[in-house]
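Read off the chains here:
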Amino acid sequence: MALNREERSAFLAEPHVAALSVDAGAGRAPLTVPIWYQVEPDGTVWIMTGLDSRKNRLISAAGRFTLMVDRLEPTIRYVSVEGPVIGTEPASIEQLREMSARYLPAEKVDGYVDFAWKNHGEQVVVRMRPERWVSSDLGSV
């Protein structure tokens, strides 16, 4: 059964690791990789990636991407959201901290943020406005 707007939003607000897919160009299948994401109160989705990463180059070229998140328990549920990029900006340490706090235990955040800020190279935040949704809760099987 498809999820309604509130159910989709609530599910995306949970800290699932997403699969990001973006057009990889002629003769290539889409690039699909795991990624952390964040959702703003207005529904805008954002990711953080390396400025010089293949993901960022492909997203810039395509102008849009898809995120798909799923879970197996307590029911089999997924949400896939696709939309256009509405902005790209240099990432801040505050955004890195916010994203890290979403996924890591509190006692690990400072150490990870310090390491990532020093070692992962220049990062960008890419914002996407959801346009198309595919979702379902298949119940427990």
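Structure report, in brief. Values in this document were obtained by computation on a predicted structure and should not be read as measured data.

## So, the packing of aromatic side chains
- Counting across every chain of the model gives 2 aromatic pairs.
- Looking at R8, its charged tip hangs above the ring of W133, at a distance of 4.2 Å from the centre.

## Focus: the nonpolar core
- Grouped together as the largest cluster of nonpolar side chains are 32 residues, with contacts concentrated most on L20, Y37, I47, F65 and L67.
- Dropping the residues within four chain positions of it, L67 is found in contact with A18, A19, L20, I35, Y37, V45, I47, V79, S80 and V81.

## Digging into helix α2 (residues 54-62)
- Every buried residue of α2 is listed here: K55, N56, L58 and I59. Buried residues of α2, viewed axially, fall in a sector of 165°; they line one side. Facing away from the buried side of α2 by more than 90 degrees, the exposed set consists of S60 and A61.
- Looking at the buried positions of α2, the neighbouring elements they touch are β1 (18-22), β2 (31-35), β4 (45-50), β5 (64-71), β6 (76-90) and β7 (123-128).
- Once α2 ends, the next one or two residues include G63, with phi positive near 75°.

## A look at the pattern of salt bridges
- Inspection of the entire model under this criterion finds 10 salt bridges.
- With a closest N to O distance of 3.4 Å, E89 and R127 form a salt bridge. Placement of the pair is E89 in strand β6 and R127 in strand β7, with a sequence separation of 38 residues.
- A salt bridge links E131 to R132; the shortest N-O distance between them is 3.5 Å.
- Exposure remark for R132: the relative accessible area of 47% places this residue in the partly exposed category.
- Among the ionic contacts, a cluster of salt bridges with common partners joins R64, E82, R129, E131 and R132.

About the thresholds
- Residues numbered from 1 in each chain as written.
- Predicted model: local features only at pLDDT ≥ 70, side-chain atom pairs only at ≥ 80, totals over all residues.
- Heavy atoms only, no water.
- Phe/Tyr/Trp six-rings, centres within 6.5 Å; stacked < 30°, edge-to-face > 60°.
- Lys NZ or Arg CZ within 6 Å of the ring centre and 35° of its normal.
- Core = buried A, V, L, I, M, F, W, Y, C linked by side-chain atoms within 4.5 Å.
- Buried < 20%, exposed > 50% of the residue type's maximum accessible area, 1.4 Å probe, protein only.
- Contact = heavy atoms within 4.5 Å.
- Helix = DSSP H or I, 4+ residues; strand = E, 2+ residues; numbered from the N terminus.
- Arc of directions from axis to C-beta.
- Salt bridge = Lys/Arg side-chain N within 4 Å of Asp/Glu carboxyl O.

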